[in-house]
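# Structural characterization, general
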Amino acid sequence: MKIYISVDLGGTSGSVGYETWHFSPQDLENQLLIMNNELVVVCNAINDLDQTSEITIKDSFGDATGVNLNILPANTTIIRGWDGGPLGMMQGINESYDMTLLVGFNREAFTRSTCTLGRIEREITDVKINGIVASEFLISYYTSLYYGVPVRFVSGDKSLCDMVEIFDPSINTVYAVERVGSSVISDTPEFINQLIYKEVQRALTNDSYMMAQLPTAFELELEYRESAYAYRASFYPGTILTDSRTIKYITGDFMEILRLLMFI
C-alpha cells in the first residue's frame, strides 16, 4: 500500500488551541508530543498490516516542523515546511497513492492549503465552497479526491468527526477532543491511541469501501472584513462581487479553486 498522511495539532487529544499555546510554550511542547504519538500509532497500524507499505507524511501544523523525525518508522517520507504551492496541507499528493489519512484535524480551522494565517486574521472572515465552510478537512478531502485518492480515515475534534460521518459516512473516524466554549473534554492519549489504531486498521481492511465522487461544479464564496479587500479581490479573473464585502467564483475545476485562494 502507498498511503498519504496529513497531520495537524488542533484535533489531537486534549488540544486546547492556539491562544493557550501562545502563552504556554510548555503546553505546546506537551501537545506536540501527543501529536507525534498519535502519528506513530497510525504508522504502526499500517505497518502491522503491511510491512511493505510506503507512507508519506505532510507535517501540517504551524511552520510544519513539529513532527519528530527520530521516532518515525523507516518506511516513511516526511514533508516539512511549506512550498507555497496550491496543495498546502496536501503537498505531494498524487494519483499513485491508495488512500489518504487525516490526523489531528480541526473543523473550525481554515486551511494553510489556501491562505496564510495572517491573511485570514487580517482580511477574511468566512470561506465557503458550495455553501459549506471551507475547513482544513474539506479542502484536504476535495484535494485528495481531485487526484482520485480516497480519504479513508479522519481523527480530530468531535465537531469535525460528527460532520464527516454525515458528509461521507464511509470514512472511519476517531474524535480525540470535544470543545465546549473555551474548554475541551478529552479522554487520555493512551485511550485515544487505542481507538486510532483500531480504526486505522478497520479503514485499511474495509473491502466494501466506495470512494465518493468529486463534485463537478464549485461555487466559492469569500467574505472579507473590509469592502476594500473584497473590491481588490474582485479583479481576479472570473470573480463576481456579490456585495460590498463578498466575492463569488464558480468553476468546474477544483484546482482553480486552490489556485485562486493562493492569490486573493
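Above this text sits the structure in question.
Residues numbered from 1 in each chain as written. Predicted model: local features only at pLDDT ≥ 70, side-chain atom pairs only at ≥ 80, totals over all residues. Heavy atoms only, no water.

## A closer look at the pairing of strand 8 (residues 172-180)
Applicable threshold: Two strands qualify as a pair provided DSSP detects at least 2 bridges between them. Each helix corresponds to a stretch of at least 4 residues labelled H or I by DSSP, and each strand to a stretch of at least 2 residues labelled E; elements are numbered beginning at the N terminus. Handedness of a crossover: with both strands directed away from the viewer, a clockwise path from the first strand across the helix to the second marks it as right-handed.
Alignment of strand 7 (residues 151-157) against strand 8, held across five bridges, turns out to be parallel. What sits directly across from serine 155, in strand 8, is valine 174. Handedness of the crossover is the feature at issue here: the chain leaves strand 7, passes through helix 5 (residues 158-167), returns alongside strand 8, and the resulting connection is right-handed. As paired elements, strand 8 and strand 9 (residues 183-185) share three bridges and run antiparallel to each other. Counted as the bridge partner of arginine 179 is valine 184 from strand 9. Turn length for the strand 8-strand 9 hairpin, with the two strands adjacent in sequence and antiparallel, is two residues, and the turn residue glycine 181 shows positive phi of about 60°.

## Structural notes on unusual backbone geometry
Threshold: For every residue, the accessible area obtained with a 1.4 Å probe (protein chains only) is divided by the maximum for its type, and the residue is called buried under 20%, exposed over 50%, and partly exposed between those limits.
Positive phi, normally seen in glycine, also occurs at alanine 64, with a value near 65°. Here alanine 64 is to be found in the loop between strand 2 (54-59) and strand 3 (76-79). The phi dihedral of asparagine 130 is positive, around 50°, even though this residue is not glycine. Relative to the helices and strands, asparagine 130 is located in the loop between strand 5 (124-129) and strand 6 (132-133). Taking relative accessible area as the criterion, asparagine 130 reaches 34% and is therefore assigned partly exposed.

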